[in-house]
Amino acid sequence: YQTNLSAVVLRWNAPFFGPSPMSYRLRYRSLNTPGAEWITLTNLRTNIYTFGNLNRYDFMEFEICSKSLFGERCSPKGPASITAAPVQAVAFAEVAYANEESIFLSWSAPPHGVPPPAYRITIQQMPDGWETVLLNDVVGLNVSIPNLSPNLTYVFVVYSKAAGGDYYTPSGAKTQRIMPTAATTSAQVSCPRNSITNLEECTGTGLVVAWGAPVGALYQPRDFKVRAEQFFDNLTLSFSSEQNVLKSFNMKATITGLARGRLTQIRLLSQSVNDFSLYAPSVNFFVTPTAAPSPPTGLILKMRENRNIFAKWNLPLDSGDGTQLGTQINSYVIKISVSGKYEWKQVLNPGQYNLTREFTGLLLNTSYTLRVSAENQFLFGSRCTIVCQDLAPLMLTGTYIESQFFLGQIPYWDSMHAPVKQDPPPLFNLFVGSLFTFSLKALSSGAGENIQISATGLGDCSAKLTSVVIGNPATATLTLLPAVQHLDRNFLVCFVASDDRGAFSDERCLQAYVVRPNPTFLAPIDPTITDTVVRASYSAVVGCLLEFDVKAHDLTSGKSITAATASALGYNCFLKEDRTTIYSHYETRTIQGLPEHAVLQEGIVKYANPSTRTFSWRPVRGQETFSYNVCFTVEDEMGTSNTASPAFAGAFCVHVGIKRCRMCLLPGDSLFSVALKYKTEWLNLWSGNEALLRPSEAPATAEILLGPLYKALPHDSVNSIASRMSIDPALLLSWNPDLSSAFHEDTGVVIEVEQDICVLPSTCTL
């Protein structure tokens with residue numbers, strides 16, 4: 001009775017005679033499975049039953065019988081078994097083309113499921129003929145049927161074949177009644193012609209269909225009919241019209257009232273001379289009517305490279321179908337001419353989004369006119385009879401947008417208010433916390449020009465263009481306030497002056513170098529010393545005052561900057577002690593800060609440029625015989641630079657050697673008190689210092705020799721020297737603190753050969 005892509009519906013009639021059966025028994029089996037058993041359904045009390053959830057390859061056999069009112073027996077004879085399979089029926093079929101002897105039948109595949117593997121075509125002569133099978137196993141969705149009569153009327157039906165076996169749907173798609181009729185020739189579709197210019201004018205709302213009479217036909221068509229239909233994007237009907245055209249009216253029809261941009265089907269039908277009520281399709285047109293696009297929008301003309309015109313525009317608001325993007329823009333036509341001459345040079349920009357063009361080889365101080373229009377294609381689509389043929393499109397050029405442009409003078413710089421043009425650009429030293437400004441000025445010889453100064457490289461250094469004036473002349477001021485994070489960085493800032501037309505000046509640049517602090521030592525420095533760390537050397541005596549100035553300045557990392565200038569801009573420095581290295585023949589040790597009893601006197605202010613502090617030291621007993629490398633550092637006021645960083649690599653040191661066996665008398669000292677302190681005799685001291693005429697009148701601060709220096713011999717030790725000089729070893733150690741520090745009480749250690757040893761022998765004992 002009915003099938004679809006996954007079900008078979010059975011229907012049967014009750015027996016013609018006698019009472020209706022109490023129920024029915026239905027049995028079925030699969031023919032795709034050899035030897036499949038019957039499956040029985042009993043007590044069916046309806047005359048319709050649906051088998052669902054079937055596979056498209058299932059092929060079923062069914063048998064049914066009536067159940068008796070008086071028992072369980074089934075009627076011995078029932079209808080013959082039938083076969084069926086799930087398959088979707090064709091929903092639409094039509095005669096797409098006809099001539100006097102044949103028709104071209106076309107249909108659509110079922111709307112659901114997998115398309116059937118083949119179709120069956122039946123034919124029926126109207127009005128009383130039987131429906132007979134014409135073709136089986138037709139593959140595809142169309143077929144030509146020949147050998148028909150122009151005097152007969154036919155109806156054709158298309159059935160779907162099941163995938164599971166030799167079975168066709170019980171219902172099919174039926175065509176309209178058709179009488180083969182001679183087809184027209186040379187059918188064409190075009191745009192209406194303008195009544196004045198007689199040129200095709202495509203507005204998208206009207207079309208013209210023209211055709212020729214059939215050639216060599218037995219029966220000429222009586223008249224013609226033109227049917228037009230338009231569809232929305234979802235293929236629902238939006239417009240239809242139909243007009244009869246008498247053969248005597250030049251076989252032409254004009255269709256009006258169309259909507260632009262919608263798919264349109266135009267059917268040309270020939271009226272049968274044998275049955276005026278029947279029309280046979282001669283040709284189908286599938287066309288999408290459009291109009292020429294509107295003008296492009298937003299045309300902007302600019303000067304490029306100071307000698308070319310650069311044109312830029314936007315898409316037309318109407319691409320031809322009433323929307324901006326509905327119809328493709330194939331190209332843009334650009335014309336340029338010297339204003340007033342209209343001697344146009346034309347170029348083509350292919351592509352919908354090719355929205356720019358540059359014109360070269362132009363003359364300065366000349367006005368030009370540019371016109372830009374868009375082109376699309378009127379797609380006449382296809383003309384279909386038995387086969388479809390694509391029709392040539394018609395190029396439609398829309399109206400233009402026009403603009404004029406004066407290719408004038410270019411801006412230039414005021415020589416007094418712009419960086420000098422040179423490579424590399426001029427360098428300016430900038431200082432943290434000091435505002436840097438540079439005034440700029442640009443002009444143009446063209447009247448009425450609006451010039452603006454712009455800059456690049458501002459963001460890197462937080463610079464700004466201030467006091468900007470747009471006009472002729474244009475002015476601006478570069479302002480830059482360097483911060484600590486900008487130290488030792490070189491910023492390139494470049495300027496360009498441009499006008500409204502796109503003309504621009506040459507680029508001018510400057511380098512803004514933010515100088516960093518660079519403190520360095522000035523004194524004390526002995527030019528004869530080549531050591532890179534120890535820069536000067538002094539000798540000192542216990543009790544005598546040693547003083548010298550330590551001096552540093554900061555000329556920064558810039559060029560040709562004096563200390564006074566740097567100080568005025570906040571670049572000052574501060575001297576401070578760092579460390580002291582104490583060493584002798586036997587040991588080396590380092591302490592932080594200055595030697596004991598040494599001071600570094602404060603300056604008038606902490607930070608200065610130059611910075612000077614006085615080193616003052618009066619060594620005491622126990623510091624003699626040692627050498628001292630006293631090191632200093634200098635740091636800048638911003639705290640960003642220090643000569644001792646990293647790891648004392650930049651320290652500045654001064655060597656101080658404390659003389660052995662010498663001292664300076666302090667106020668209150670006498671030869672007697674000194675002799676007592678060093679456990680020797682005053683006569684020894686007096687005899688060793690010829691400058692002291694009166695032992696009781698030794699002047700304060702006078703440097704005296706405590707005793708002779710003995711040079712150690714090989715294998716000498718404290719004990720051997722003490723024995724040789726008849727002195728106590730402990731006294732020898734007290735007179736030579738370097739030996740005491742190195743050997744402690746181990747007086748038997750061998751002393752380094754040739755080392756000076758202070759010995760105060762008792763040579764004047766009475």
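Along every chain, residues carry numbers that run from 1 in the direction the sequence is written. Local features in this predicted model are restricted to residues whose pLDDT is 70 or higher, and side-chain atom pairs enter the listing and the counts only when it is 80 or higher, whereas totals over whole chains, interfaces and linings include all residues. Excluded from the side-chain calculations are hydrogens and water; all other atoms, namely the structure's heavy atoms, are used.

Our next topic: the overall build of the chain. Assigned secondary structure in the chain consists of seven helices and 50 strands. Expected size for 766 residues packed as a compact globule is a radius of gyration near 27 Å; at 59 Å, the chain overshoots this value by more than 25%. Expressed as lengths along the three principal axes of its C-alpha atoms, the size of the chain is roughly 180 × 95 × 40 Å. Exposed residues in this analysis have more than 50% of their type's maximum accessible area, buried residues have under 20%, and partly exposed residues fall in between, with area computed by a 1.4 Å probe over protein chains only. The burial tally for the chain puts 46% of its 766 residues in the buried class. A separation threshold of at least 6 residues defines the contact pool for the chain, and within that pool the share at least 24 residues apart is 67%. Charge counting treats Lys and Arg as positive and Asp and Glu as negative, with His and both chain ends excluded. Each charge is placed at NZ for Lys, CZ for Arg, CG for Asp and CD for Glu. Placing the 57 positive and 63 negative side-chain charges of the chain at their respective mean positions leaves the two points 12 Å apart. Secondary structure elements follow DSSP: runs of H or I no shorter than four residues count as helices, runs of E no shorter than two count as strands, and numbering proceeds from the N terminus. The globule rule is 2.2 Å times the number of residues to the power 0.38, and the radius of gyration it is compared with is taken over C-alpha atoms. We call two residues in contact whenever any of their non-hydrogen atoms come within 4.5 Å of each other.

A separate point is the sheet that holds strand E17 (residues 223-231). Here we have six strands laid out as an open sheet, ordered E18-E17-E20-E21-E28-E29, and antiparallel in their pairing. Every interior strand has two partners, whereas the edge strands, strand E18 (237-246) and strand E29 (388-390), have only one. Taken pair by pair, the neighbouring strands of this sheet meet at an average axis angle of 15 degrees, ignoring direction. DSSP bridges decide pairing: two strands pair if at least two such bridges lie between them. Pairing analysis gives eight bridges linking strand E20 (residues 263-271) to strand E21 (residues 279-287), with the strands arranged antiparallel. Each residue of the ladder has a partner; that of Gln-265, found in E21, is Phe-286. To define axes, lines are fitted to C-alpha atoms, for helices over the stretch in contact only, and angles between the resulting N-to-C directions are given on a 0 to 180 degree scale.

Now for the side chain of Asp-669. If you trace the backbone, Asp-669 turns up in the loop between strand E47 (652-664) and helix H3 (671-678). Salt bridge, as applied in this entry: a Lys or Arg side-chain nitrogen positioned within 4 Å of an Asp or Glu carboxyl oxygen. The buried charged residue Asp-669 lacks any salt bridge, with Lys-677 as its nearest oppositely charged partner at 4.4 Å. Ignoring any residue separated from it by four or fewer positions in sequence, one finds Asp-669 in contact with Met-663, Cys-664, Val-674 and Lys-677.

This part takes up the side chain of Gln-88. Structurally, the position occupied by Gln-88 is in the loop between strand E7 (82-84) and strand E8 (93-98). Looking at Gln-88, the relative accessible area reads 18%, which means it is buried. A distance of 3.3 Å separates a polar side-chain atom of Gln-88 from the backbone nitrogen of Leu-5. Once you skip the residues sitting within four places of it in the chain, Gln-88 turns out to touch Asn-4, Leu-5, Pro-110, Pro-111, His-112, Pro-116, Ser-160 and Thr-169. Any pair of N or O atoms that falls within 3.5 Å is considered a polar contact. Within protein, one atom must be able to donate a hydrogen and the other to accept it, and sequence-neighbouring residues count only if both atoms are side-chain atoms.

Glancing now at the packing of aromatic side chains. Whether two aromatic rings pair depends on their centres lying within 6.5 Å, for rings of Phe, Tyr and Trp, where Trp uses its six-membered ring; planes under 30 degrees apart make the pair stacked, over 60 edge-to-face, and the rest tilted. Counted under the stated rule, the structure contains 24 aromatic pairs. Here the aromatic rings of Tyr-28 and Phe-62 are separated by 6.4 Å at their centres, their planes lie at 40 degrees, and the arrangement is tilted. In this pair, Tyr-28 sits in strand E3 (residues 23-30) while Phe-62 sits in strand E6 (residues 60-67), placing the two residues 34 residues apart along the sequence. Residue Phe-62 is classed as buried on the basis of its relative accessible area, which comes to 2%. Between Trp-211 and Phe-224, the aromatic rings sit 5.4 Å apart at their centres with planes inclined by 65 degrees, giving edge-to-face as the arrangement. Of this pair, Trp-211 sits in strand E16 (residues 207-212) while Phe-224 sits in strand E17, and the two are 13 residues apart along the sequence. There is no split in this pair, since Trp-211 and Phe-224 are both buried. In textbook terms, an aromatic cluster arises when at least three aromatic residues are bridged by ring pairs, as seen for Tyr-538, Phe-548, Phe-615, Trp-617, Tyr-628 and Phe-632. Just above the ring of Trp-38 sits the side chain of Arg-27; from NZ or CZ to the centre is 4.2 Å. Distance and angle both matter: a charge sits over a ring if NZ of Lys or CZ of Arg is within 6 Å of the ring centre and within 35 degrees of the ring normal. The ring of Phe-276 has Arg-222 lying over it, and the distance from NZ or CZ to the ring centre is 4.2 Å.

Think of a disulfide as a covalent bridge from one cysteine sulfur atom to another cysteine sulfur atom. Two cysteine sulfurs form a disulfide in these notes if their separation is within 2.5 Å. Scanning the model with the defined rule gives six disulfides in all. Here Cys-384 connects covalently by a disulfide to Cys-388, the sulfurs 1.9 Å from one another. Negative torsions about the S-S bond denote left-handed disulfides, and the value of about 110 degrees found for Cys-384 with Cys-388 makes this one right-handed. Here Cys-384 falls in the buried class, since its relative accessible area comes to 7%. Taking relative accessible area as the criterion, Cys-388 reaches 55% and is therefore assigned exposed. In this structure Cys-461 is not part of a disulfide, and its nearest cysteine sulfur, from Cys-494, lies 11 Å away. Look at Cys-461 and you get buried, because its relative accessible area is 0%.

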